[in-house]
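One letter stands for each residue in the lines below.
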Amino acid sequence: PGSTGEGAQPESMQSDIPSVICVLILDADGQRICCKYFSDDFPTLAEQQAFEKKVFDKSSRTNAKSEAEIIVFDSLVTVYKNSSDAWFFVVSGANENELILANVLSALTDALTTTLRQLDKRTMLDNYESLHSE
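Structure report, in brief. (Residues numbered from 1 in each chain as written. Predicted model: local features only at pLDDT ≥ 70, side-chain atom pairs only at ≥ 80, totals over all residues. Heavy atoms only, no water.)

Remarks on the sheet that holds strand E5 (residues 86-93)
- The five strands are arranged E2-E1-E5-E4-E3 in an open sheet whose pairing can be described as antiparallel. The two strands at the open ends of the sheet, each matched to only one other strand, are strand E2 (32-37) and strand E3 (69-73). Going from strand to strand, the sheet's axes swing by 20° on average, the running direction of each strand aside.
- Two strands pair when backbone bridges link them, and E3 and strand E4 (residues 76-83) are joined in this way by five bridges, in the antiparallel orientation. Residue pairing across strands places Ile70 opposite Val79, the latter belonging to E4.
- The sheet contacts of helix H2 (residues 45-59) involve strand E1 (22-27), E2, E3, E4 and E5, and relative to E2 the element is tilted by about 115°. (Pairing = 2+ DSSP bridges. Helix = DSSP H or I, 4+ residues; strand = E, 2+ residues; numbered from the N terminus. Axes fitted to C-alpha atoms, helices over the stretch in contact; angles between N-to-C directions. Contact = heavy atoms within 4.5 Å.)

What about helix H3 (residues 98-116)?
- Look at H3: 26 Å from first C-alpha to last across 19 residues, which is about the 27 Å you get at 1.5 Å a residue.
- Of all the positions in H3, only Leu101, Leu105, Thr109, Leu112 and Leu116 are classed as buried. The buried residues of H3 occupy one face: seen down the axis, they fall within an arc of 70°. Turned more than 90 degrees off the buried face of H3, the exposed positions are Leu99, Asn103, Thr114 and Thr115.
- A distance of 2.7 Å separates the backbone nitrogen of Leu99 from a side-chain oxygen at the start of H3, and that oxygen is part of Asn97. (Expected span 1.5 Å × (residues − 1). Buried < 20%, exposed > 50% of the residue type's maximum accessible area, 1.4 Å probe, protein only. Arc of directions from axis to C-beta. Polar contact = N/O pair within 3.5 Å; in protein donor to acceptor, adjacent residues only side chain to side chain.)

Section: the packing of aromatic side chains
- The full count for this structure, using the stated rule, is seven aromatic pairs.
- Taking 6.1 Å as the distance between ring centres and 65° as the angle between the ring planes, the aromatic pair formed by Tyr37 and Phe42 counts as edge-to-face.
- Residue classification places Tyr37 among the buried positions, given a relative accessible area of 14%.
- Overall, Phe42 belongs to the buried group, its relative accessible area being 14%.
- On the basis of an interplanar angle of 25° and a centroid distance of 4.3 Å, the ring pair of Phe42 and Phe51 is categorised as stacked.
- Ring pairs connect the aromatic residues Tyr37, Phe42, Phe51 and Phe73, which therefore count as one cluster.
- Lying over the aromatic face of Phe73, Lys58 brings its terminal NZ or CZ to 5.5 Å of the ring centre. (Phe/Tyr/Trp six-rings, centres within 6.5 Å; stacked < 30°, edge-to-face > 60°. Lys NZ or Arg CZ within 6 Å of the ring centre and 35° of its normal.)

Considering unusual backbone geometry
- Its identity is not glycine, yet Asp74 carries a phi of approximately 50°, on the positive side.
- Relative to the assigned elements, Asp74 resides in the loop between E3 and E4.
- Judged by its relative accessible area of 46%, Asp74 falls in the partly exposed class.
- Phi is positive for Arg117, close to 75°, though the residue is something other than glycine.

Have a look at this one:
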């Protein structure tokens, strides 16, 4: 009998687990404040920056302050909102549930608000080490 190994899940269960490709925090000009990529979809810095520019260009024309907004492009779902001079993005595959992604985004911004007291570029840059700890 084939064992999947201790702690490993059968392949059929793994496909049911929501996954996030990346979490981005960009400033009001679309420049990176902080980011974390969880997949190899954008393996180089140049590809990451090109993707971040594209996401920002597609989303910056909206006013997503109170509620999360959703955009779908390039077979990716992006849930985002902005606060003061920072934009927060959670990106996943096109088959992921937008409500789960919106909850991930909400948890991120709630945790940052609790930790930093305010969500602006200066505060996040001043506390970069705590934002970017692995």
